[in-house]
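So the chains spell out like this:
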Amino acid sequence: MDRPEVVLGCVAVAISGVALLASQRSNDSSRDALLLQLMQDGRESRKPRGTQHEDRPTPDDESNSLALLSGFTMQQAREHAQQGATVAKARTPTEVLLDLQRGNARFWMGKAQRPEKSAFERRALIMQQYPTVAVLGCSDSRVPVEIVFDQGLGDLFVVRVAGNGLDVSTSASLQFAIHHLKVKVVVVMGHEGCGAIKAAQLDAETIKKEPADLAK
């Protein structure tokens, strides 16, 4: 017969194992609940006020929630990307431009929504991109295009160069966006106080003092 202390030791180990398993399950449940709550909060922040059925999740929200909690396959991500491409293709240039104007107004008024993609949506973007706008903008740190227009990953095809100048490389990039990505709107975006534009107006002798590539 086993000694009492051995039996008690085995019982203690068994109880500890059960407690550890219960703790892990509790942590998993808490993590899932927190994830769902964060996603719900994100939907609430993006949802227009005064609309009907405000508390009803959209099909995309439900599929994203399920994908995050149960995992997703590459095939599911591919299908999601194709759905997004179909929606983007159906938009008109007028709708796309209006969305940009609204996003810029939100940024200007300090009401930006800062749209974020879920892990599932980011995986879908790996399969296919479908931006509706191509932007030639300045590389100035004060005018990041996605922030200025309150857009997210995959929404804009952005080409940035000092002075938003059009040359072989920037032109080729825009042509790629037009012919292959089928963007609906092309924007050339300048800004106030551009250092590159100011430098281009300097006298020839001052410009010659700059490094060779910069002086061209």
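The text that follows walks through the structure, step by step, so that each part is easy to find.

Cut-offs used in this document
Residues numbered from 1 in each chain as written. Predicted model: local features only at pLDDT ≥ 70, side-chain atom pairs only at ≥ 80, totals over all residues. Heavy atoms only, no water. Helix = DSSP H or I, 4+ residues; strand = E, 2+ residues; numbered from the N terminus. Buried < 20%, exposed > 50% of the residue type's maximum accessible area, 1.4 Å probe, protein only. Contact = heavy atoms within 4.5 Å. Expected span 1.5 Å × (residues − 1). Salt bridge = Lys/Arg side-chain N within 4 Å of Asp/Glu carboxyl O. 1 Å grid on protein atoms, 1.4 Å probe; cavity = no way out; pocket = protein on both sides within 12 Å on 5 of 7 lines; lining within 4 Å. Points joined across faces, edges and corners; volume = space filled by probe spheres on them. Nonpolar A, V, L, I, M, F, W, Y, C, P; charged D, E, K, R; others polar.

**Regarding the overall build of the protein**
Argument step 1. In terms of regular secondary structure, the protein is built from 10 helices and 3 strands.
Argument step 2. Its helices and strands taken in sequence order, the protein reads α-α-α-α-α-β-α-β-α-β-α-α-α from the N to the C terminus.
Argument step 3. Taken over 216 residues, the protein has a buried fraction of 25%.
Argument step 4. Considering only contacts in the protein between residues 6 or more positions apart, those separated by 24 or more positions represent 72%.

**Quick look at the environment of Leu174**
Argument step 1. Residue placement: Leu174 occurs in helix H7 (residues 168–179).
Argument step 2. In this view, Leu174 contacts Ala134, Leu136, Val159 and Leu166; residues no more than four positions away in its chain are not counted.

**Some thoughts on helix H4 (residues 93–108)**
Argument step 1. Here H4 spans 23 Å end to end across 16 residues, near enough to the 22 Å set by a 1.5 Å rise per residue.
Argument step 2. Residues of H4 that are buried sit in contact with strand E1 (133–137), helix H6 (145–148), strand E2 (156–160) and strand E3 (185–189).
Argument step 3. Downstream of H4 by a residue or two, Gly110 has a phi angle that is positive, lying close to 75 degrees.

**A closer look at the pattern of salt bridges**
Argument step 1. Inspection of every chain in the model, using the stated rule, returns 5 salt bridges.
Argument step 2. Residues Asp150 and Arg106 are paired through a salt bridge, measuring 2.7 Å at the closest nitrogen-oxygen approach. Note that Asp150 is positioned in the loop between H6 and E2 and Arg106 in helix H4, a separation of 44 residues in sequence.
Argument step 3. Judged by relative accessible area, Arg106 falls into the buried class, the value being 18%.
Argument step 4. Asp150 is paired through a salt bridge with Arg114; the nearest N and O atoms lie 3.9 Å apart. Placement of Asp150 in the loop between H6 and E2 and of Arg114 in the loop between H4 and helix H5 (119–127) is noted, with a sequence separation of 36 residues between them.
Argument step 5. Using a relative accessible area of 43% as the deciding quantity, one classes Arg114 as partly exposed.

**Here we look at the layout of surface pockets**
Argument step 1. Of the pockets and cavities examined, the second largest pocket occupies roughly 310 Å³.
Argument step 2. Surrounding the second largest pocket, 13 residues form its lining, Ala196, Ala199, Ala200, Leu214 and Lys216 being those nearest its centre.
Argument step 3. Tallying contributions element by element places helix H8 (residues 195–200) first for the lining of the second largest pocket, with 4 residues.
Argument step 4. Of the residues in the lining of the second largest pocket, the class split is 8 nonpolar, 2 polar and 3 charged.

These values are about where atoms sit, not about what they do.
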